[in-house]
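A look at the structure
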Amino acid sequence: MTLKFVTGWDPPLHVITLENSYVDSHRPDDHTTVFQAGAYAFFMALEYIKKINSWSKASIFSDSLSLLTALASPKRKSWMLKQLVDKIKTVNSHRRLSFHWAKAHIGVVGNEEADKQAKHGTEKNTIDSPVPRSHGTLRADIRRNILAEWQNEWAFSTKGPQTHKYLPNVSTKRNSYHPFLIQFLSGHGRFPYYFNKFCITNDPLCDCGEVGTPDHYIFECIHTQSLRLKLKNAQDRDQLIQDPHNLHIIHQIIAWVNNYIPRL
């Protein structure tokens, strides 16, 4: 006798036999990937087949084409796949197994029932089947935690206040800025305020009478007014350097500062 199993691949896990309507539904850990859920459903089906001694053959249907393809490939790197293949070999030594792909959402009775049971399983309050995190999930978790810790340190750091105003969020994305733009973003340039802070000069003021900070030349100084008026959305400092047009104008302003402020 051939009994057909349908293994759904959306958590929770479930096994259904069409002839006797046997249903087994588990809720795995929330971090379980779709691929892992499909693999674990295979384990459940194989365990059920193994317990029924009267069967000589069984067919397992799955709507996870990626899982079936991975099982057919000789290159199986994941621990779960290796365990699953060993389980298949054990069961197949006493049964004749066959595996089939059932395309999802086309009215296949068993597959539709599997999806229905999956929705019911999401209402469970407890985890039935602990599943270890996949390598991909672990990498994503580690990266997210590192970024969160880095962001927290940057948010409460007292260093780099000028940089923090324009780059409040950390990122692993690398940006290449011209040295003049780096002077503006870091505050380390030919600015009267910077020279005075490190006791290079005694006067932090610009010729216009205001404190000569990097922001002064971008937003206030009468000497740079003609260039400053070309900036777009200058009032939104978080977005100021996101516009390539603004970066070009800021470059020109800082270039003017470098030429105007005496070299010391």
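A few points on the structure. Keep in mind that this is a model prediction, so the values were computed, not measured.

Now for the overall build of the chain. Of the regular secondary structure elements, the chain holds 12 helices and 5 strands. The proportion of buried residues among the 264 residues of the chain is 39%. For the chain, long-range pairs separated by at least 24 residues make up 60% of all intrachain contacts whose partners lie at least 6 apart in sequence. A total of about 15,800 Å² of accessible surface is found on the chain, and carbon and sulfur atoms cover 54% of it.

Turning our eyes to something else, we now look at the nonpolar core. Counting residues in hydrophobic clusters, the biggest one holds 23 residues, and the most contacted among them are Phe-184, Tyr-217, Ile-218, Leu-240 and Ile-250. Going through the elements one at a time, α7 (179-186), α9 (214-219) and α12 (244-260) are the ones with two or more residues in this core. If you tally residues by element for this core, the top one is α12, at 6 residues. Those residues in contact with Leu-240 that sit more than four places away from it in its chain are Tyr-166, Phe-184, Ile-218, Phe-219, Leu-231, Lys-232, Ala-234, Asn-246 and Ile-250.

It is worth spelling out the packing of aromatic side chains at this point. This model, assessed by the stated rule, comprises 8 aromatic pairs. Each ring, one from Phe-42 and one from Phe-99, has its centre 5.6 Å from the other, and the planes form 45°; the classification is tilted. With Phe-42 in helix α1 (residues 34-51) and Phe-99 in strand β5 (residues 96-101), this residue pair connects regions lying 57 residues apart in the sequence. Residue classification places Phe-42 among the buried residues on the basis of a relative accessible area of 0%.

Bringing the environment of Thr-69 into the picture now. If you trace the backbone, Thr-69 turns up in helix α2 (residues 65-72). Judged by relative accessible area, Thr-69 falls into the partly exposed class, the value being 49%. In this structure, the C-alpha to C-alpha distance between Thr-69 and Trp-101, residues 32 residues apart in sequence, is 9.8 Å.

A separate point is a nonpolar patch on the surface. Together, Leu-138, Ile-142 and Ile-146 make up a nonpolar patch on the protein surface, roughly 280 Å² of accessible area in all. As for its position among the elements, Ile-142 is in helix α5 (residues 135-155). For Ile-142, a relative accessible area of 51% corresponds to the exposed category.

Space left empty within the atom packing is revealed by a probe, the size of a water molecule, rolled over the atoms. In this structure, the largest pocket encloses a volume near 410 Å³. Surrounding the largest pocket, 13 residues form its lining, Leu-167, Asn-169, Val-170, Ser-171 and Asn-175 being those nearest its centre. When residues of the lining of the largest pocket are traced back to their parent elements, those giving at least two are α5 and α7. The greatest single-element share of the lining of the largest pocket, amounting to 3 residues, is contributed by α7. By residue class, the composition of the lining of the largest pocket is 7 nonpolar, 5 polar and 1 charged. Lining the second largest pocket are 15 residues, and of these Pro-161, Gln-162, Ser-186, Tyr-193 and Lys-197 lie nearest its centre. The greatest single-element share of the lining of the second largest pocket, amounting to 4 residues, is contributed by helix α6 (residues 161-166).

Turning next to unusual backbone geometry. Here the phi dihedral of Cys-199 falls at roughly 60°; this positive angle occurs in a residue that is not glycine. By secondary structure assignment, the location of Cys-199 is in the loop between α8 (192-197) and α9.

Before going further, it helps to spend a moment on α12. Taking 1.5 Å of rise per residue, 17 residues should cover 24 Å, and α12 covers 24 Å from first to last C-alpha, within 8% of that figure. Along α12, the residues classified as buried are Asn-246, Leu-247, Ile-249, Ile-250, Ile-253, Ile-254, Ala-255, Val-257 and Asn-258. N-capping of α12 is provided by Asp-243, with a side-chain oxygen placed 2.8 Å from the backbone N of His-245.

In this structure the tally under the stated criterion is 3 salt bridges. Measuring nitrogen to oxygen at the nearest pair gives 2.2 Å for the salt bridge that ties Arg-144 to Asp-141. Within this pair, Arg-144 and its partner Asp-141 are both found in helix α5, separated by 3 residues, close to a single helical turn. Look at Asp-141 and you get buried, because its relative accessible area is 14%. Put simply, Asp-215 and Lys-165 hold a salt bridge, and the shortest N to O gap is 2.5 Å. Taken together, the positions of Asp-215 in helix α9 and Lys-165 in helix α6 put the pair 50 residues apart, joining distant regions of the chain.

What counts and how
- Residues numbered from 1 in each chain as written.
- Predicted model: local features only at pLDDT ≥ 70, side-chain atom pairs only at ≥ 80, totals over all residues.
- Heavy atoms only, no water.
- Helix = DSSP H or I, 4+ residues; strand = E, 2+ residues; numbered from the N terminus.
- Buried < 20%, exposed > 50% of the residue type's maximum accessible area, 1.4 Å probe, protein only.
- Contact = heavy atoms within 4.5 Å.
- Areas by Shrake-Rupley, 256 points an atom, 1.4 Å probe, with all protein chains shown as cover.
- Core = buried A, V, L, I, M, F, W, Y, C linked by side-chain atoms within 4.5 Å.
- Phe/Tyr/Trp six-rings, centres within 6.5 Å; stacked < 30°, edge-to-face > 60°.
- Patch = residues over 30% accessible without salt bridge, like charges linked within 9 Å, V, L, I, M, F, W, Y side chains within 5 Å.
- Salt bridge = Lys/Arg side-chain N within 4 Å of Asp/Glu carboxyl O.
- 1 Å grid on protein atoms, 1.4 Å probe; cavity = no way out; pocket = protein on both sides within 12 Å on 5 of 7 lines; lining within 4 Å.
- Points joined across faces, edges and corners; volume = space filled by probe spheres on them.
- Nonpolar A, V, L, I, M, F, W, Y, C, P; charged D, E, K, R; others polar.
- Expected span 1.5 Å × (residues − 1).
- Polar contact = N/O pair within 3.5 Å; in protein donor to acceptor, adjacent residues only side chain to side chain.

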